[in-house]
Amino acid sequence: MHTTQNPSSQPIHRQTRGNYGLVGRPLPADPASLIAPAGAEVGLGALPDEAQICSCNGVSKGTICIAIADGASDVSAIKGATAAGTSCGSCVPMLKRLLTAQGVELSKALCEHFTQSRAELFQIVQAAGIRTFSGLIAQHGTGTGCDICKPAVASILASTSSDHILDGESAALQDTNDPFLANLQRNGSYSVVPRLPGGEITPQKLIAIAEVARDFGLYTKITGGQRIDMFGARVEQLPAIWRRLIDAGMESGHAYGKAVRTVKSCVGSTWCRYGMQDSVGMAVQLELRYRGLRSPRKIKLGVSGCQRECAEARSKDVGVIATEKGWNLYVGGNGGATPKHAQLLAGDLDSETLVRYIDRYLMFYIRTADRLQRTAVCQETIEGGLDHIRAVVCQDSLGIAAELEAAMARHVAGYSDEWADVLADEAKLSRFVSFVNALDQPDPTVVFDEGGPRKVPVLLGTPRIGDTAESAS
Ligand code: SF4
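The present account deals with the structure reproduced in this document. (Residues numbered from 1 in each chain as written. Predicted model: local features only at pLDDT ≥ 70, side-chain atom pairs only at ≥ 80, totals over all residues. Heavy atoms only, no water.)

### Some details on the sheet that holds strand 10 (residues 327–331)
One open sheet accounts for 5 strands, arranged 7-8-9-10-11; its pairing is mixed. Two strands lie at the open edges of the sheet, namely strand 7 (260–265) and strand 11 (343–349), each paired on one side alone. Between one strand axis and the next, the sheet turns by 15 degrees as a mean value, whatever way the strands run. Sheet topology note: the strand 8 (residues 299–304)/strand 9 (residues 318–322) ladder contains 4 bridges and is parallel. Bridging from a neighbouring strand, V303 pairs with V320 of strand 9. Running at roughly 175 degrees to strand 7, helix 10 (residues 279–290) makes contact with strand 7, strand 8, strand 9 and strand 10 of the sheet. Those strands touched by helix 11 (residues 351–368) are strand 8, strand 9, strand 10 and strand 11, and its axis lies near 10 degrees from that of strand 10. (Pairing = 2+ DSSP bridges. Helix = DSSP H or I, 4+ residues; strand = E, 2+ residues; numbered from the N terminus. Axes fitted to C-alpha atoms, helices over the stretch in contact; angles between N-to-C directions. Contact = heavy atoms within 4.5 Å.)

Spelled out as structure tokens, the structure:
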């Protein structure tokens, strides 16, 4: 294993990333190309060696290039040599691009157990009708699987059917949050997010959420996706919390899954003087259509009622912005560590065509993306880029539009609320305990500090709010 040092003695700001590494230096290209949209972007090759690629661990481009020159031939080797990509993982696509730029041919294998890429495994599962991980690895892989292929195959199986993700052996394949259909928090407690389509909520549902939060002592927070998150639930409380929410007319928001999350919207033409179309109505329609759709990574949508963009639709995987004649459809946006503006796929669409194109786009992405790849990176790296995607979605260049639409129609028809299904199934309910041999026993290590301005999780062994240095020692 190689260990390398940053070749520069210059201090590098932790947040220096991408083209920000050019600050204070002679520009390597026409200035217009540095600020122009995709297609005119200056690549990684133009960045100086000091430019930080992994900001979590402070690893520069130069350090990574030295590791590659010393023999690191894949992302795992770079991680081992430099620690780049070992925290949040958002720089992994850049590590791959650096490898490719240095002439290293990357394997498409999903992991050591499957020589196929995720897209190839998706095709195999779909064509052969394989419905279990054990069946897939027996016929097309080797060994017993790992933390990479198990959740990736679980996601493929979920995307290709309406089976419950906790059915049979699938339950043991799921990622961190999915086994309990909730978001694991720092101290082992969970958060709960009911779906609020389009961010719309009635006073009755607001009251129901408030009463649940009060009765279970949950901390509440409005999310960026126009929902209400309730924090601090112990695992054995989750079924009782969801029974109350479902009785009040709510359902899972899939905040825990690699799936369609939210469709954010502004108030649109119903209330706003500038509104061109009913953005709330469209957002609700889209969220009800795509809820529960599992994908390589989370999917967010947004709908704005005019170009003023109050719903920030162009920062979403699928963004819809109203025009005088209909809707503009943008794809491939995201926030996060490397924010991307979504790109225009088609303009002035009527509502029916808009939904049909989104059906095709989402299903094409789910079929073709790599493991954990969001839409922005998928459309950057796919051969032909956005033009190819536009041809597939809008001109049916591959002749698969009807197939993609049929797949989405099957998803819509097969949808049922994951949490309602759990509450109706004793076997699934039996998972929601802290100790399998002491069913009523709460986990004593899940504790909170409620002495400050807000309830916070406590990590045992760390000081609580208000502790003096002396009392914490
Ligand atoms: S995006 Fe336009 S329609 Fe929507 S709230 Fe803002 S100004 Fe109004």
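### Re the pairing of strand 6 (residues 228–233)
The buried fraction of strand 6 is high, at 5 of 6 residues. Sheet topology note: the strand 4 (residues 190–192)/strand 6 ladder contains 3 bridges and is antiparallel. Pairing of Y190 across the sheet is with A233, part of strand 6. Pairing analysis gives 4 bridges linking strand 5 (residues 219–222) to strand 6, with the strands arranged antiparallel. The residue of strand 6 that forms the bridge with T220 is M230. (Buried < 20%, exposed > 50% of the residue type's maximum accessible area, 1.4 Å probe, protein only.)

### Considerations on the site of the ligand
Near the ligand you find C266, G268, C272, Y274, G275, G305, C306, R308, E309 and C310, and these make up its full shell. When the residues that make up the shell around the ligand are grouped by side-chain class, the tally is 5 nonpolar, 3 polar and 2 charged. (Near = heavy atom within 4 Å. Nonpolar A, V, L, I, M, F, W, Y, C, P; charged D, E, K, R; others polar.)

### Some words on the environment of A81
Within the fold, A81 resides in helix 3 (residues 75–82). A relative accessible area of 7% means that A81 is categorised as buried. Spatially, the C-alpha atom of A81 lies 9.2 Å from that of I68, the residues being 13 residues apart in sequence.

### Details of helix 4 (residues 92–101)
Residues of helix 4 that are buried: V92, M94, L95, L98 and L99. An end-on view of helix 4 places all buried positions within 155 degrees of arc, on one side of the element. Those residues of helix 4 that are buried lie in contact with strand 1 (52–54), helix 2 (61–69) and helix 3. (Arc of directions from axis to C-beta.)

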